[in-house]
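Breakdown of the fold
So you can see what is in the structure, the chains are spelled out below.
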Amino acid sequence: MNRNLTDGLNFFSKLTARRAWNATKVLSSYYYSKWNRNAVQWGLPISIAIEPTTSCNLRCPECPSGLRSFTRNTGMLEKDFFLKVIDEIHKDILYLIFYFQGEPYLNPDFLDMVKYASSKNIYTATSTNAHYLNDVNAKKTIESGLDRLIISIDGTTQETYESYRIGGKLEKVIEGAKNIVKWKKELKSKTPHTVFQFLVVKPNEHQVEDVKKLAKEIGIDEVGLKTAQVYDYEHGNSLIPDIEEYSRYKKMSDGSYKIKNNLDHHCWKLWHSCVVTWDGIVVPCCFDKDAEHRLGNLQKESFSSIWQNEKYKLFRASVLRSRSEIDICKNCSEGTKVWADSN
């Protein structure tokens, strides 16, 4: 059976009548809001992202974790707080992403938290640089019930890989990927669905076909090609690929660059998902990396009260009015294409 199909069937196996009804309410309220320019929300999120940590072992140049440039508090998600949040929301959410900023495996309770979410029949996913996928952690990852594992691999030679993943070792990534594949076979597990995520930048764009071959050799299920966000793009940037289809930005006749996204005045993310920082701050989406748009605090309020509060209503309304006026929307990739190959 096709591996993407297997993953899709696994995802939909998590769908309960309550979750389906919630998804119907969310989808209906989104289209009602989009067509009537009036922000309403009739359900609870279908998907949320929770941040295990802001810490990272690498120094990637366009990443706040890598640059150590946060102005918000940094730290580790506490297990007891996580359990409390999951107990409140698990009946309605379908998809839980254990990632925002940082390297999830640096949180010592990470896989225990995955296991708890999996026990609630939630589809779980994470993204890792794979430097901590040693044999022990790989086995624990399979046993945790994690459904999707995204492994960042931005080069197929050490020279290319470390040009962006500063401080990283490609051999560790490959070793970690092989450990996961090995333990899936040993434990006869169909999960996690494994993805090599290749962030296409100028130094590695010539290795797109190479990473597909490498994934096939190792036994990785899928390759995802991701366009890179850069902060200073208007006058060009050394990371912007020459092959335009792999870029979020279009080169204009005067030599300047503009983002391809038309920034239409609506956003599905604002209706179906949100992000929770390690310390409980709820922010609208993953583009608010420094948590500047704080919509509530789960340490002090319930999730349902935050999701329907006045701040959230005003933020959704502002998106319907003009996304181009919202700072985190100006470099958004929603609407730009991401490519994937299944092995």
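Described below are features of the structure shown in this document. None of the values given here were measured: they were computed from a predicted structure. As a convention, each chain's residues are numbered from 1 in the sequence order in which they are written. Selection of residues for local features in this predicted model requires a pLDDT of at least 70, selection of side-chain atom pairs for listing and counting requires 80 or more, and totals for whole chains, interfaces and linings are taken over all residues. Think of the side-chain values as coming from all heavy atoms in the structure, minus any hydrogens and water.

Observations concerning unusual backbone geometry
Glycine aside, the phi torsion of most residues is negative, and most peptide linkages are trans. Note the cut-off: Starting at the N terminus, helices and strands are each numbered in turn, a helix being any DSSP run of H or I of at least four residues and a strand any DSSP run of E of at least two. The cut-offs for exposure are 20% and 50% of the maximum accessible area for each residue type, with area from a 1.4 Å probe on protein chains only; residues under the lower value are buried, those over the upper are exposed, and the others partly exposed.
Put simply, Thr 191 and Pro 192 share a cis peptide bond, and its omega is 0°. Inspection of the secondary structure puts Pro 192 in the loop between α8 (170-186) and β5 (193-200). A positive phi angle, close to 55°, is found at Arg 37, a residue other than glycine. Looking at the element boundaries, Arg 37 is found in the loop between α2 (17-36) and β1 (47-50). We classify Arg 37 as partly exposed; its relative accessible area is 42%.

Things to note about the environment of Gln 158
As a reminder, the rule being used: Two residues form a contact once any of their heavy atoms are found within 4.5 Å.
Tracing the chain through its elements places Gln 158 in helix α7 (residues 158-164). With 10 residues separating them along the chain, Gln 158 and Gly 168 place their C-alpha atoms 8.6 Å apart. Here Gln 158 is in contact with Gly 168, Lys 169 and Leu 170, once residues within four sequence places are set aside.

Section: the pattern of salt bridges
Definition in use: Should a side-chain nitrogen of Lys or Arg be within 4 Å of a carboxyl oxygen of Asp or Glu, the pair is scored as a salt bridge.
All told, the structure shown has 11 salt bridges when counted by the stated rule. Between Lys 182 and Asp 135 there is a salt bridge, with its nearest N and O atoms 2.6 Å apart. A residue pair is termed long-range when its members are at least 10 positions apart, and Lys 182 in helix α8 and Asp 135 in helix α6 (residues 135-144) qualify at 47 residues. In this structure Lys 182 comes out as partly exposed when scored by relative accessible area, which is 34%. Here Glu 143 and Lys 139 are joined by a salt bridge, their closest N and O atoms 4.0 Å apart. Separated by 4 residues within a single helix, Glu 143 and Lys 139 lie in helix α6, roughly one turn from each other. Judged by its relative accessible area of 43%, Glu 143 falls in the partly exposed class. Lys 139 sits in the partly exposed class, given a relative accessible area of 30%. Where salt bridges share partners, they join Arg 3, Lys 184 and Asp 221 into one cluster.

Considering helix α12 (residues 310-321)
Each α-helix turn comprises 3.6 residues. Residues three or four places apart therefore point the same way. As a reminder, the rule being used: Expected span of a helix: the number of residues minus one, times 1.5 Å.
The terminal C-alpha atoms of α12, which comprises 12 residues, lie 16 Å apart, in line with the 16 Å expected from a rise of 1.5 Å per residue. Packed against the buried residues of α12 are α2, α10 (269-272), β9 (273-276), β10 (281-283) and α11 (303-307).

Examining the side chain of Thr 277
Note the threshold: Counting of polar contacts relies on pairs of N or O atoms within 3.5 Å, with two restrictions inside protein: one atom must be capable of donating a hydrogen and the other of accepting it, and residues adjacent in sequence are counted only when both atoms are side-chain atoms.
Turning to its location among the elements, Thr 277 is positioned in the loop between β9 and β10. Among the polar contacts listed, one links the side chain of Thr 277 to the side chain of Asp 279, at a separation of 2.6 Å.

Some details on the side chain of Gln 101
Note that Gln 101 resides in the loop between β2 (95-98) and α5 (110-119). Among the residues examined, Gln 101 registers a relative accessible area of 5% and is labelled buried. What Gln 101 contacts, discounting residues up to four positions off in sequence, is Glu 51, Thr 53, Thr 54, Cys 63, Pro 64, Ser 65, Phe 70, Arg 72 and Lys 289.

Digging into the pairing of strand β3 (residues 123-128)
The condition is simple: Strands pair, by our definition, only if DSSP identifies at least two bridges between them. The path from the first strand over the helix to the second decides the hand: if it runs clockwise while the strands point away from the viewer, the crossover is right-handed.
Counting buried residues along β3, 6 of its 6 residues qualify, which places the element largely inside the surrounding structure. By the alternation rule, side chains of β3 split into Tyr 123, Ala 125 and Ser 127 and Thr 124, Thr 126 and Thr 128, which are all buried. Where β3 and strand β4 (residues 148-152) come together, 4 bridges link them in parallel fashion. Note that in β4 the partner of Ser 127 across the bridge is Ile 150. Read from β3 through α6 to β4, the crossover connection turns out right-handed.

Side note on helix α9 (residues 208-218)
Our working definition: Throughout, the arc means that of the directions going from the helix axis to the C-beta atoms.
Listing the buried residues of α9 in full gives Val 208, Val 211, Leu 214, Ala 215 and Ile 218. Along α9, the residues classed as buried sweep out an arc of 120° about the axis, all on the same side. Residues of α9 that are exposed and angled more than 90 degrees away from the buried face: Lys 213, Lys 216 and Glu 217. Buried residues belonging to α9 abut α8, β5 and β6 (222-227). Gly 219 sits one or two residues past α9 and shows a positive phi near 105°.

Some words on empty space enclosed by the protein
For clarity, the cut-off: Buried and open spaces are told apart on a 1 Å grid over the protein atoms alone, a cavity being a set of points where a 1.4 Å probe fits but cannot get out and a pocket being an open set with protein on both sides within 12 Å along at least five of seven lines. Residues with an atom within 4 Å of a point are the lining residues. Grid points are joined across faces, edges and corners, and a volume is the space filled by probe spheres set on the points. In this classification, Asp, Glu, Lys and Arg are treated as charged, Ala, Val, Leu, Ile, Met, Phe, Trp, Tyr, Cys and Pro as nonpolar, and every other residue, Gly included, as polar.
Counted under the stated rule, the structure contains 1 cavity of 30 Å³ or more. Here the largest cavity is characterised by a volume of approximately 70 Å³. Around the largest cavity, the lining is made up of 11 residues, and of these Cys 267, Leu 270, Cys 285, Cys 329 and Cys 332 lie nearest the centre. Here the residues of the lining of the largest cavity are counted per class, giving 8 nonpolar, no polar and 3 charged.

A few points about the pairing of β1
Side chains Ser 47 and Ala 49 project from β1 onto one buried face, and the interleaved Ile 48 and Ile 50 project onto a second face that is buried too. Here β1 runs beside β2; their pairing, made up of 3 bridges, is parallel. From the neighbouring strand, Ala 49 faces β2, where its bridge partner is Ile 97. Sheet analysis places β1 next to β9, joined by 4 bridges and oriented parallel. Paired with Ile 50 across the strands is Val 276, a residue of β9.

Interpretation in functional terms is not warranted from these geometric data alone.
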